[in-house]
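# Summary of the model geometry
For reference, the chains in residue letters:
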Amino acid sequence: MTKTALITGITGQDGYYLSHLLLNQGYRVVGLISPYRQPNLAKLGDLATKVEIYTVDLRDSEALLTAVEQLHPHEIYNLAAPSFVPDSWKDPLGTLDLIAGTATRLLEAVRQTGLSTRFYQASSSEMFGDVSCSPQDEETPFRPKNPYAAAKLQAHWTMVHHRQRYGLFACSGILFNHESPLRSPQFVTRKVSLAAAAIKLGFTDTLEMGNLDAKRDWGFAGDYVRAMWRMLQVDEPEEYAIGTGKLRSVKELVSTAFECVGLDWQKYVVINTKFLRADEHFQLVANPTKAKKNLGWEPQVSFEELLEKMVQTDVERLQNGMVAPVAASSLGV
Ligand code: NDP
Ligand code: GDR
């Protein structure tokens, strides 16, 4: 029997990689797209004709219930979110509603239909926030420091409560930063890969950055969607911390990316205080032991391979005037 997977946020980075994985597994993949947003289906590239699109407002409980009733999904992956953390200070309430409200509305839809749909919530290492210990795992206390993280935590707890009270098969991946050539350029890895490529090709000669001493645990998105899928294939729904377990600074990121095109980053990078954050974290790094043990999950792509792929893809994009569709091979799939 063909399984149906329903994905919110299908036009995002993870939506692409997850759709690719599920289509390869023989799933029918349906993406929920808002009627009030410019549908950026071009972001789905080669997958645009392979997935189905269902238009629904994620803020509308009745419409979501109808969608679940009509589509009978075996699995739901709730990925939609305004995911750039600093923006959540500009619209805390909208962030809360879209992230926590959508999770609640979808969980309620599953409960009300009585289907045995398995539910994945896209939780985030941002929920750890002001970390008390390092590395972080499923037992680490949450101390969110911004509206995005607080909204993710509300969604996370609602998922836990629905599992405990109603017995739903609901779980969440507490994912650390994961990147790819499809990452939006506002995030630091893609900002740096694009700048390294642009400087190499002579389009610009400066890269303005925020805190070079900030540290993160960066992995490849294609690896992380495999963990999402595996969480829904095991017998017990649980939480999983997903990351590489390696902490690196933004400075290491910049230096590695510039090395990919044979440049010395120190000649081009300047600090602009507008990119500094008041709610900065320094020690967000995963302990993914549980995922390895229960899911057999391990990252396959190294930090250096990831940056090489991102920088080279940006070189090709710039040489092609940024308009040529990116080949799946450039995306690491
Ligand atoms: P992206 O920002 O690439 O994608 C976000 C998706 O959400 C897009 O499809 C976007 O649609 C959609 N979306 C945003 N706002 C709205 C809205 N108001 N109504 C409907 N849809 C909306 O994120 P990623 O793919 O990187 O991440 C996927 C999920 O995982 C997110 O929930 C993110 O918070 C979470 N996460 C990501 C991590 C990472 O490092 N990438 C780490 C931990 C968690 P559109 O195309 O129209 O903009
Ligand atoms: P983050 O990702 O906030 O961790 O959230 P981002 O790439 O924006 O920042 C990572 C780190 O880099 C530092 N930094 C800069 N960041 C940006 N964007 N631009 C700069 O110029 C710059 N200079 C330094 C930041 O201060 C920060 O320390 C991502 C998102 O995908 C979330 O949705 C997700 O939940 C978390 O990862 C886990």
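Residues numbered from 1 in each chain as written. Chains lettered and ligands numbered in written order. Predicted model: local features only at pLDDT ≥ 70, side-chain atom pairs only at ≥ 80, totals over all residues. Heavy atoms only, no water.

### Some remarks on the site of ligand 2
Let me state the cut-off plainly: To be near a molecule or strand, a residue needs just one of its heavy atoms within 4 Å of it. We call two N or O atoms a polar contact when they sit within 3.5 Å, provided that within protein one can donate a hydrogen and the other can accept it, with sequence-adjacent residues counted only if both atoms are side-chain atoms. For accessible areas, the Shrake-Rupley method is used with a probe of radius 1.4 Å. Any residue's cover is judged against the shown protein chains and nothing else. Each residue gets one label: Ala, Val, Leu, Ile, Met, Phe, Trp, Tyr, Cys and Pro are nonpolar, Asp, Glu, Lys and Arg are charged, and the others, such as Gly, are polar. Boundaries of every domain are those given by an automatic assignment or by a domain database.
Around ligand 2, 22 residues are found, and the nearest of them are Ser83, Ser124, Tyr148, Arg277 and Glu280. Within the side chain of Asn177, an N or O atom sits 2.9 Å from an oxygen atom of ligand 2. Between ligand 2 and Arg277 there is a distance of 2.6 Å, counted from an oxygen atom to a side-chain nitrogen or oxygen. Protein chains bury 95% of the 700 Å² of accessible surface belonging to ligand 2 in isolation. Tallied by class, the residues present in the shell around ligand 2 amount to 10 nonpolar, 7 polar and 5 charged. Both domains that furnish three or more residues to the shell around ligand 2 are identified here as domain 1 (4-178 + 218-242) and domain 2 (181-217 + 247-281 + 302-331).

### Structural notes on the sheet that holds strand E6 (residues 169-175)
Counted only if it meets this: Paired strands are those between which DSSP finds at least two bridges. Strands are runs of DSSP state E lasting at least 2 residues, helices are runs of H or I lasting at least 4, and numbering of each runs from the N terminus. Note on method: axes are straight lines fitted to C-alpha atoms, helices fitted across the in-contact stretch only, with angles between N-to-C directions ranging 0 to 180 degrees. Only heavy atoms matter for contacts: two residues are in contact if any of them lie within 4.5 Å across the pair.
With parallel pairing, the 7 strands of this open sheet are ordered in space as E3-E2-E1-E4-E5-E6-E11. Either end of the sheet is taken by a strand with one partner, and the two such strands are strand E3 (52-55) and strand E11 (239-242). Neighbouring strand axes in the sheet, compared pairwise and without regard to direction, differ in orientation by 20 degrees on average. Examined bridge by bridge, E6 and E11 share 4 bridges and lie parallel to one another. Each residue of the ladder has a partner; that of Leu175, found in E11, is Ile242. Packed on one face of the sheet, helix H6 (residues 221-231) meets strand E4 (75-78), strand E5 (118-124), E6 and E11 and runs near 160 degrees to E6.

### Focus on the pairing of strand E1 (residues 4-8)
Our working rule: For the exposure calls, accessible area comes from a 1.4 Å probe over protein chains only, and a residue counts as buried if that area is under 20% of its type's maximum, exposed if over 50%, partly exposed in between. Handedness of a crossover is defined as follows: with both strands directed away from the viewer, a clockwise route from the first strand across the helix to the second makes it right-handed.
Of all 5 residues making up E1, 5 are buried, and the element is well covered by its neighbours. Because side chains alternate across E1, one face comprises the buried residues Thr4, Leu6 and Thr8, and the other comprises Ala5 and Ile7, equally buried. Note that E1 and strand E2 (residues 28-33) share 5 bridges and pair parallel. Note on E2: the bridge partner recorded for Thr8 is Leu32. For the segment spanning E1, helix H1 (residues 13-24) and E2, crossover handedness is right-handed.

### What about the site of ligand 1?
Not every one of the 25 residues close to ligand 1 is listed here, only the nearest: Thr11, Leu79, Ser83, Tyr148 and Lys152. Its free accessible area being 890 Å², ligand 1 has 85% of it covered by the protein chains. Every element with two or more residues in the shell around ligand 1 is listed here: H1, E5 and helix H4 (147-166).

### Digging into the nonpolar core
Using the following cut-off: Put simply, a nonpolar core is a bunch of buried Ala, Val, Leu, Ile, Met, Phe, Trp, Tyr and Cys residues held in one set by side-chain atoms that sit within 4.5 Å of each other.
Core analysis: the largest hydrophobic core is formed by 65 residues, its most contacted members being Leu22, Tyr77, Tyr120, Ile242, Val254 and Phe258. If you count residues domain by domain, this core takes at least three from each of domain 1 (4-178 + 218-242) and domain 2 (181-217 + 247-281 + 302-331). With near-sequence residues (within four places) excluded, Tyr120 lies in contact with Ile76, Tyr77, Asn78, Leu79, Cys171, Ser172, Gly173, Leu175, Met228, Met231 and Leu232.

### Let's talk about the domain arrangement of the protein chain
In plain terms, the rule: Summed over both partners, the accessible area lost on bringing two parts together, with a 1.4 Å probe, is the buried area. The term salt bridge refers to a pairing of a side-chain nitrogen on Lys or Arg with a carboxyl oxygen on Asp or Glu at a separation within 4 Å.
Domain assignment breaks the protein chain into domain 1 (4-178 + 218-242) and domain 2 (181-217 + 247-281 + 302-331). For domain 1 versus domain 2, the distance between C-alpha centres works out to 27 Å. The interface is formed by 21 residues belonging to domain 1 together with 21 residues belonging to domain 2. Carbon and sulfur atoms make up 56% of the surface buried where domain 1 meets domain 2, a total of about 2000 Å² over both sides. On the surface where domain 1 and domain 2 come into contact, there are 1 salt bridge. Residue Arg216 is joined to Glu126 by a salt bridge in which the shortest nitrogen-to-oxygen separation is 3.9 Å. Summed over the shared surface of domain 1 and domain 2, the result is 3 residue pairs in polar contact (both at pLDDT 80 or more). Those elements that provide at least two residues to the side of domain 1 that touches domain 2 are H1 and strand E10 (219-220).

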